[in-house]
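Each chain, written out:
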Amino acid sequence: MRRIIIIFILFIIANTVYLHRVPGLLGDEGSEGENVYQLLHSENLPVVGERSYIGPIIDYVRVPYVALFGYTPLALRMLMLSASMATFFLAHSVLRKLFGEDVGLIAFVIFLFSPIYLLQQRIGWAITLNIFFFWMLLYAFLSTWKHKWLLAGLIGGIGLSNDIIFLPTLVAVFVCSTAVYIFSGNIREKVRVLLLSSWLILVGFTAGFGTQFAVISLLKDDQGSRRETVAGFTTRLNDFAPSLSLYISGSSYVARYIGTEFSPFAIRAISLVLGIFALVGLFHKKRIYILAFFAGLAIHSYLLLYMVDRFNLRYFALLSMIVWLLAGVGLSVLFGRILPYKALQATPIALALALMIWTAHTTLIPFLHTGGSLKEFSLGNRNDKSSAFVDIRPLLDCVRGKGVVYGATQDIFDRLLYISRGEEQIQIVDGEHKSQAEFTIRYKKSENAFVPDGASVCPEISFFSVIKK
């Protein structure tokens, strides 16, 4: 119990330090946060979220956080912190049941303190909750509650309603969990129980996803071309393996914050070590669970690549974290054979501290020093920009009280619109009304604050130019 308390304290520290400013407010966060404003000022109860494939449940849950913290990045991220705290106890319970106290605790720490988790799970957008629903679903399957199948169906439905991208995870968990359930006892009896309980799963799932299914079916304008997405599946499948090391190593997740990727050697070395330890986990006595996780990764990856139209880091977050978890199991198997008992007891805390220090060194401290970056970084088959994560506080100080402004890109507009809901001194207009704006805001060509970039009224700020008309 003492170890869990210490690890929980470290976990809270890692997830709350500079939560209000690292990363800077994202455009997608601002766009989803705007939904809360619209919800509070709507005469009806909205049933459509940020997109047709993102449910409104998260917007309703955000309301008390916005009431407490205002229209700030912290309001959006405190909900994710609450989900992370729940995830902490759910994951610990599940992994202890699967692998035992000592092995489960090391795998648990490697998962929750991996740089991917620490960097991804502080972002206040809907997809962040997929990790929470993943552990909720596993917890339901492992519970001894009489109607756990009803609970599992309901959790799956709500998770899918929150974000349709949860579907690959949902399918992988249901397939692998039911397979383990069937082959862990009398097969005929297990199959009989599942067949008798299938209606409970369906009822729970319908209750959780029914409304959102109707929304997705009726509102298809923002869902892209399904035909084009399917046509690109083979290309994405071929690009997946070469890109995987960028995600698993954490390189792209770090670069998204600071614009600098790991060296090719570091990317390969980290990925190789994680892969080796994940395979070592097969020597654990509960090999069936390791195999189930590997099978789940295969199912999840295949369906994910089929669904998405392009590579995006948030899509591959759970996959990367699970690889770290499996590496944690392998590491615990190795440590269990070479370390004395007292050293093994202290290992989870030492690993948590080491991973916190690594993430702080590679990401937090550089970000605090620079405020982010405008550089591009690799996702394997395409590049993405770090500009989405830059600190916008200097920009807010610049435009506050200056008059009406127009954001030249959608993400700049979404950020400022959300902040403006709580600050009367910030006034922003969209593209249809940009003629009313006194200033135009766009990204600088160079992230150096003192490189001349047009007639910016705040030349000292990094990343943005504020041009007076």
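Throughout what follows, the structure given in this document is the object of discussion. Since this is a predicted model, take the numbers as computed values, not measurements.

### Here we look at the layout of surface pockets
Part 1: In this model, the largest pocket occupies a volume close to 1,000 Å³.
Part 2: Lining the largest pocket are 32 residues, and of these Tyr53, Ile164, Asp222, Gln223 and Tyr315 lie nearest its centre.
Part 3: Of all the secondary-structure elements, those providing two or more residues to the lining of the largest pocket are helix H2 (27-40), helix H10 (187-218), helix H11 (226-231) and helix H15 (287-307).
Part 4: By residue class, the composition of the lining of the largest pocket is 16 nonpolar, four polar and 12 charged.
Part 5: In terms of lining, the second largest pocket is formed by 27 residues, of which the most central are Asp28, Asp384, Lys385, Ala388 and Asp411.
Part 6: Here the lining of the second largest pocket is built from residues that sort into eight nonpolar, six polar and 13 charged.

### Side note on the state of the cysteines
Part 1: Tallied over the full model, the rule gives one disulfide.
Part 2: Disulfide pairing places Cys398 opposite Cys458 at an S-S distance of 2.0 Å. Judged by the sign of its S-S torsion, about 90 degrees, the cystine formed by Cys398 and Cys458 is right-handed. Placement of the pair is Cys398 in helix H18 (residues 393-399) and Cys458 in the loop between strand E5 (439-443) and strand E6 (464-468), with a sequence separation of 60 residues.

### A word on the nonpolar core
Part 1: The biggest cluster of nonpolar side chains holds 118 residues, and the ones touching the most others in it are Phe113, Trp135 and Leu325.
Part 2: Of all the elements, helix H16 (residues 317-338) adds the most residues to this core, at 13 residues.
Part 3: Residues in contact with Phe113, not counting those within four places in the same chain, are Ile7, Leu10, Phe11, Leu118, Ala352, Leu355 and Met356.
Part 4: In terms of nonpolar packing, the next biggest core, distinct from the first, is built from 31 residues, Tyr71, Ile412, Leu416 and Leu417 among them.

### Points about empty space enclosed by the protein
Part 1: Under the definition given, this model contains two cavities of 30 Å³ or more.
Part 2: The space that makes up the largest cavity amounts to roughly 130 Å³.
Part 3: Forming the walls of the largest cavity are 14 residues, and the residues nearest its centre are Ile127, Asn130, Arg314, Tyr315 and Leu318.
Part 4: Elements that contribute at least two residues to the lining of the largest cavity include exactly helix H7 (130-142), H15 and H16.
Part 5: Class assignment of the residues belonging to the lining of the largest cavity gives a composition of seven nonpolar, six polar and one charged.
Part 6: The space that makes up the second largest cavity amounts to roughly 30 Å³.
Part 7: In terms of lining residues, the second largest cavity is bounded by Met80, Ala83, Ser84, Thr87, Tyr117, Gln121, Thr128, Leu129 and Phe132.
Part 8: Here the lining of the second largest cavity takes four residues from helix H4 (residues 73-99), the largest share from any one element.
Part 9: Class assignment for the residues of the lining of the second largest cavity results in five nonpolar, four polar and no charged.

### What about the pairing of E6?
Part 1: The buried fraction of E6 is high, at four of five residues.
Part 2: Across five bridges, E5 lies against E6 in antiparallel orientation. Its bridge partner lying in E6, Arg442 is registered against Ser465.

### A few points about the sheet that holds E5
Part 1: Strand order across the open sheet formed by four strands is E4-E3-E5-E6, with mixed pairing between neighbours. With one partner strand each, in any of the chains shown, strand E4 (427-429) and E6 form the two edges of the open sheet. Adjacent strand axes in the sheet meet at a mean angle of 35 degrees, parallel and antiparallel pairs treated alike.
Part 2: Pairing analysis gives three bridges linking strand E3 (residues 404-407) to E4, with the strands arranged parallel. Across the sheet, residue Val405 finds its bridge partner in E4, namely Ile428.

### Some words on unusual backbone geometry
Part 1: With an omega dihedral of 0 degrees, the bond running from Val22 to Pro23 counts as a cis peptide bond.
Part 2: Note that Pro23 resides in the loop between helix H1 (2-16) and H2.
Part 3: One non-glycine residue, Tyr18, adopts positive backbone phi at about 55 degrees.
Part 4: Mapped onto the fold, Tyr18 is located in the loop between H1 and H2.
Part 5: Even without glycine at this site, Phe463 takes up a positive phi of about 80 degrees.
Part 6: Tracing the chain through its elements places Phe463 in the loop between E5 and E6.
Part 7: By relative accessible area, which is 4% here, Phe463 ends up buried.

### Topic: a nonpolar patch on the surface
Part 1: A surface patch of nonpolar side chains, amounting to about 580 Å² of accessible area, comprises Met1, Ile5, Ile9, Ile13, Val17 and Tyr18.
Part 2: Inspection of the secondary structure puts Ile13 in helix H1.

Rules and cut-offs
Residues numbered from 1 in each chain as written. Predicted model: local features only at pLDDT ≥ 70, side-chain atom pairs only at ≥ 80, totals over all residues. Heavy atoms only, no water. 1 Å grid on protein atoms, 1.4 Å probe; cavity = no way out; pocket = protein on both sides within 12 Å on 5 of 7 lines; lining within 4 Å. Points joined across faces, edges and corners; volume = space filled by probe spheres on them. Helix = DSSP H or I, 4+ residues; strand = E, 2+ residues; numbered from the N terminus. Nonpolar A, V, L, I, M, F, W, Y, C, P; charged D, E, K, R; others polar. Disulfide = S-S within 2.5 Å. Core = buried A, V, L, I, M, F, W, Y, C linked by side-chain atoms within 4.5 Å. Buried < 20%, exposed > 50% of the residue type's maximum accessible area, 1.4 Å probe, protein only. Contact = heavy atoms within 4.5 Å. Pairing = 2+ DSSP bridges. Axes fitted to C-alpha atoms, helices over the stretch in contact; angles between N-to-C directions. Patch = residues over 30% accessible without salt bridge, like charges linked within 9 Å, V, L, I, M, F, W, Y side chains within 5 Å. Areas by Shrake-Rupley, 256 points an atom, 1.4 Å probe, with all protein chains shown as cover. Salt bridge = Lys/Arg side-chain N within 4 Å of Asp/Glu carboxyl O.

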